[in-house]
Amino acid sequence: GENVEQHPSTLSVQEGDSAVIKCTYSDSASNYFPWYKQELGKGPQLIIDIRSNVGEKKDQRIAVTLNKTAKHFSLHITETQPEDSAVYFCAPKGVQGAQKLVFGQGTRLTINP
Amino acid sequence: KAGVTQTPRYLIKTRGQQVTLSCSPISGHRSVSWYQQTPGQGLQFLFEYFSETQRNKGNFPGRFSGRQFSNSRSEMNVSTLELGDSALYLCASSLDTGWEQPQHFGDGTRLSIL
């Protein structure tokens, strides 16, 4: 089955700095690459996603880059703010397995004021 | 547009009992998936329903079951509860079963087994 690894598991950055989280996957059939943000007491919230025919996608301070050859994709957050503090999950999905998301173990991001 | 609604938010049960959790998807969404989240195992896929049919099932024992109704609302049931079933149970909905369709999660039902 799909093996998904996220790095780092914890990340602490100063407010205003950038944060990068990397996700490595094993299933070469994966075609859809979302990132989720989970705050305390809440469910995962989809913050950005990318399809396999696109190398990069940006939405304001958040961007995702994809390297299908190396089988990894990364979440980039610029100008970090205290409200960015949360646990972030990658969850690549392939055509096989339809709606089944395979989640990474999560990255706890802390923004220090 | 209302998001995914899960009820109840919290539940306390004892070993051996059974429990039913409910999920109302986003209006117009027809696919519903369930996930279990624990500190040790992370987020794991339980099953997926579309048009009242189970399309995929994760690696969980038969004590875990679910169903979907004609209005796309879904329920999951866990019978003969064990201590290890304590977890946050999350429901996600998507428009349909297309591989590129994003899934949107509810805030979950936190189940505690005493």
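As the structure is a prediction and not an experimental result, all values here were calculated from the model.

About the criteria used
Residues numbered from 1 in each chain as written. Chains lettered and ligands numbered in written order. Predicted model: local features only at pLDDT ≥ 70, side-chain atom pairs only at ≥ 80, totals over all residues. Heavy atoms only, no water. Helix = DSSP H or I, 4+ residues; strand = E, 2+ residues; numbered from the N terminus. Rg over C-alpha atoms; globule rule 2.2 N^0.38 Å. Buried < 20%, exposed > 50% of the residue type's maximum accessible area, 1.4 Å probe, protein only. Contact = heavy atoms within 4.5 Å. Lys, Arg positive; Asp, Glu negative; His and termini not counted. Charge placed at Lys NZ, Arg CZ, Asp CG, Glu CD. Polar contact = N/O pair within 3.5 Å; in protein donor to acceptor, adjacent residues only side chain to side chain. Disulfide = S-S within 2.5 Å. Buried area = accessible area lost by both parts, 1.4 Å probe. Salt bridge = Lys/Arg side-chain N within 4 Å of Asp/Glu carboxyl O.

Q: Just checking my understanding: could you explain the overall build of chain A for this structure?
A: Helix and strand content of chain A: zero helices and 11 strands. For chain A, the C-alpha radius of gyration of 13 Å lies close to 13 Å, the compact-globule estimate for 113 residues. Here the C-alpha coordinates of chain A stretch approximately 45 × 30 × 20 Å along the principal axes. Counting over 113 residues, chain A shows a buried share of 45%. By sequence separation, contacts in chain A at least 24 residues apart represent 54% of the contacts at least 6 residues apart. The average position of the 12 basic charges and that of the 12 acidic charges among the side chains of chain A differ by 7 Å.

Q: I tried to follow the environment of Asn71 of chain B on my own but got confused; where do I start?
A: By the element assignment, Asn71 of chain B lies in the loop between β7 (64-68) and β8 (74-78). At 3.1 Å, the side chain of Asn71 of chain B and the backbone nitrogen of Arg73 of chain B are in polar contact.

Q: Sorry if this is basic, but what is going on with the state of the cysteines here?
A: Scanning all chains against the criterion turns up two disulfides over all chains. Bridging Cys23 of chain A to Cys90 of chain A, the disulfide has an S-S length of 2.1 Å. Because the torsion about its S-S bond is 70°, the bridge between Cys23 of chain A and Cys90 of chain A counts as right-handed. Separated by 67 residues along the polypeptide, Cys23 of chain A in strand β3 (residues 19-25) and Cys90 of chain A in strand β9 (residues 86-90) bring together distant segments of the chain. Taken as a pair, Cys23 of chain A and Cys90 of chain A share a single burial class, namely buried. Cys23 of chain B shares a disulfide with Cys91 of chain B; S-S distance 1.8 Å. Judged by the sign of its S-S torsion, about -60°, the bond between Cys23 of chain B and Cys91 of chain B is left-handed.

Q: Explain the interface of chain A and chain B here, please?
A: Frequently, the measure chosen for interface size is the accessible area that the parts lose on association. Listed as interface residues are 21 residues of chain A and, on the opposing side, 25 residues of chain B. Between chain A and chain B, a total of about 1800 Å² is buried, with carbon and sulfur atoms accounting for 57% of that surface. Looking only at chain A, the three residues that lose the most surface to chain B are Pro44, Gln99 and Phe103 of chain A, adding up to 31% of its buried area. Remark: the boundary between chain A and chain B carries zero salt bridges. The interface formed by chain A and chain B holds six residue pairs in polar contact (both at pLDDT 80 or more) in total. Of all the secondary-structure elements, those providing two or more residues to the side of chain A that touches chain B are β4 (30-38), β5 (45-51) and β10 (93-94) of chain A.

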